Amino acid sequence: MSNAPSAYIREATKAKSLVLMSNPDNSNELLTSGFLKDSIDAKNYIINTESGVFVDAMIEVIQADLNEVFPLKVAEGLKLTSKYEEWLKTHYNDNQFRSFDFILKPFSIGFLVNLYNEKHDDIITFYKHWLNEDSLTLYRFDEYFFDSLPLLQIGIEEICSVLLAESHHSEGHTQHEKTKFVLKLASTNFERALELYHYGKSNKLDSNAPLFALLLAGLYNNGFEDALADAKAYFGSNQSITLIFLGAITAKSSDLVDYTINLSTSIDLTNPEAVNAYVFTLHKILMVKIEQHQVDAIFNVFFHLLSQKIDLISNNVLGTLSQLIKGYEQQRCDLLVKGILQQLININALKHYFTTFENPTYFFELLEYSCVALRHRVNVKVFESGFEHFINKNYTGTEQYMLRFLTHDNMNVRIGILKLWISTRRRGHQLNLTLLETEIEQLRAAEAMIAFPFGLEEILPNLLSLRLSPFANVKVYLQGSLSMLVLEAYHEYAMELIEKNITDSSEDKQFIKPIKNALLTYNKMRKRKKEVKDLDPRANEKSALQQYYKLEGENHAKAINEVNKDENTFLSHVKQINIVRGNAWKIEGRDISPLGRYESSFAIDMRMYKNPDQFEMKMNFPQAQF
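Source: prediction; values computed, not measured.

Definitions and limits used
Residues numbered from 1 in each chain as written. Predicted model: local features only at pLDDT ≥ 70, side-chain atom pairs only at ≥ 80, totals over all residues. Heavy atoms only, no water. 1 Å grid on protein atoms, 1.4 Å probe; cavity = no way out; pocket = protein on both sides within 12 Å on 5 of 7 lines; lining within 4 Å. Points joined across faces, edges and corners; volume = space filled by probe spheres on them. Helix = DSSP H or I, 4+ residues; strand = E, 2+ residues; numbered from the N terminus. Buried < 20%, exposed > 50% of the residue type's maximum accessible area, 1.4 Å probe, protein only. Contact = heavy atoms within 4.5 Å. Core = buried A, V, L, I, M, F, W, Y, C linked by side-chain atoms within 4.5 Å. Salt bridge = Lys/Arg side-chain N within 4 Å of Asp/Glu carboxyl O.

**Student:** Residues and numbers for empty space enclosed by the protein, please.
**Tutor:** Overall, the coordinates contain four cavities of 30 Å³ or more when judged by the stated rule. Approximately 60 Å³ is the volume found for the largest cavity. Looking at the largest cavity, the residues that line it are Met449, Ile450, Phe452, Phe454, Leu456, Ile459, Leu460, Leu463, Leu485 and Tyr490. Of all the secondary structure elements, the ones that give two or more residues to the lining of the largest cavity are α23 (439-451), α24 (456-463) and α25 (472-490). Per element, the largest residue contribution to the lining of the largest cavity is four residues, and it comes from α24.

**Student:** Give me the layout of surface pockets: which residues, what numbers.
**Tutor:** Of the pockets and cavities examined, the largest pocket occupies roughly 490 Å³. Considering the residues around the largest pocket, the lining is formed by 21 residues, among which Ala451, Met484, Arg607, Lys618 and Met619 are closest to the centre. Looking at the lining of the largest pocket, the elements with two or more residues in it are α22 (411-423), α23, α25, α30 (607-610) and α31 (612-620).

**Student:** Pulling in residues and values, what's your account of helix α20 (residues 384-393)?
**Tutor:** Along α20, seven of the 10 residues are buried, which leaves the element largely enclosed by surrounding structure. Residues Glu384, Gly386, Phe387, Glu388, His389, Phe390 and Ile391 constitute the buried set of α20. Those residues of α20 that are buried are in contact with α19 (361-374), α21 (395-406) and α22.

**Student:** Explain the nonpolar core to me, using residue names and the numbers behind them.
**Tutor:** Counting 183 residues, the largest nonpolar core has Phe141, Phe245, Phe302, Phe354 and Leu482 as the members making the most contacts within it. For this core, the element with the most residues is helix α11 (residues 209-221), which contributes 10 residues.

**Student:** Help me get a handle on the environment of Tyr362, residues and values and all.
**Tutor:** Relative to the assigned elements, Tyr362 resides in helix α19. C-alpha of Tyr362 to C-alpha of Glu329: the two residues are 33 residues apart in sequence and 7.8 Å apart in space. If we ignore the near neighbours within four places in the chain, the residues touching Tyr362 are Glu329, Gln330, Cys333, Phe354 and Phe357.

**Student:** Pulling in residues and values, what's your account of the pattern of salt bridges?
**Tutor:** For the structure shown, the criterion picks out 17 salt bridges. For the salt bridge of Asp94 with Lys16, the shortest nitrogen-to-oxygen distance reads 1.9 Å. Of this pair, Asp94 sits in the loop between α4 (74-91) and α5 (101-117) while Lys16 sits in the loop between α1 (4-15) and α2 (27-33), and the two are 78 residues apart along the sequence. The class of Lys16 is partly exposed, set by a relative accessible area of 35%. Salt-bridge contacts for Lys393 lead to Glu358; the nearest nitrogen and oxygen are separated by 3.3 Å. Of this pair, Lys393 sits in helix α20 while Glu358 sits in the loop between α18 (329-341) and α19, placing them 35 residues apart in sequence. Judged by relative accessible area, Lys393 falls into the partly exposed class, the value being 46%. Through salt bridges with shared partners, a single network forms among Asp101, Lys105, Arg140, Glu143, Asp147 and Lys184.

See the structure below:
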């Protein structure tokens, strides 16, 4: 048996699971020793990470793999454990964050417990020293220490001294670990938590009011009936601490909910800490089942806080509404409209407001309203995150809304959804236009896509699916519109895209004929224009341009010479760089080096600069034919 625990630890580490893949022959022996325990379904065994046998076996494994003696000291032992974590990442080619936490974290906690209980090292004294020693860095020590604290053979006096120990520098994460410890202590050891509470009242633990409030909240959550009355007596005059208690408790009676809501009339709006705690408390109330009038009252409080137009308060409420609260989508959407948008608090709140919504209806209703009311002025950037959220969350439902918008009787709504779709095209969304059942729907979608001047590469493949429409008018309109695009806007580029996205079938060859004729017409017109020299600026303005650039070059050379005469100017200290034959460059005193080359390209709708005024008018005030 002596080698069995370490062998099963290696098996678990490789499988990244504490559940044994096969039941060992000596399972009874390992169960008796405490190394294994039964799984929930009793089909497999689980390594018991709370046993001393597990800790001893882990030490054996680490010593063997690193070929080092494992030191029975806090700092040295945890540092070697961190070193072993890096060894495991290399050995198993796994660099994911905390990938081996499932076995190394319980080992680190068990190691600290064994150190203290077996009197190898005084981790309490070490912790207090570590708090005030800036140079003593130890990864996650505070986390492991407070997780081990309930398991130590330690008196209430020492626990209290640990919680009251102060640091001469910022405690940061350590304070967070303290609050976690006191809040969950009652659920792991109710009697000890109650003992700590009574002892702390007369031994200054209540001087750390936030910590004491969380200890009391943990007791309340686990059935301590006097907790609420004690909290009111202790913290009644301190709103911030009272709200910390109210925000941490989970058993919400109807009277307690009403009591919390009514605090809104006395909350100190000049105290950001109290307001933040209050907003968090209201959010925690919404996580449990409460009556409808209480839900309405809470959202009225949120509206009241937003109407104050205080940035710190508004940002906190917005963050809570958009990220923390789940459900209540109708109320959240109503509050967005009347409490945020109508009061012009922060339009950027829209960016991530809908990313926790399940139902896309509210999002698209707001988008539709914005497109109708603001027309071309609607800023689709603030809708991008919500749109991508619903694409990923509910693609079918989102696609149905997109198709509904594309067939809207208001052209601004059609253009608006295309703007939003193209602005997030990096996700490669595809629209199934064949889901449009009526002729007018298909014509409206085609009209909007043809009118939209950007993202031809994304739009055209979707638009061409309508060539298979059962409606003759749709095919004719599509042929005429694509011919116009080739003739007036994109020429050969559009033709190449069209040919790339259709087949060689006889139907497609027939479909593309008038579009090819449009390209032939364009090329003939272009050739004819080239023959008219009066229309060619390179021919009739060449001499004037040459004279201009000659004079410009002379003036530039004179200016440089004048600057170089003055030693106090910046340019007099700059080395001369020569471009050699257009594809290389040379700095004074160095060899010739080739130029690097970076390029990108995109298609431009020619209508944009042939008649920019007309183009802008059509974009800003689109007229729908269908």
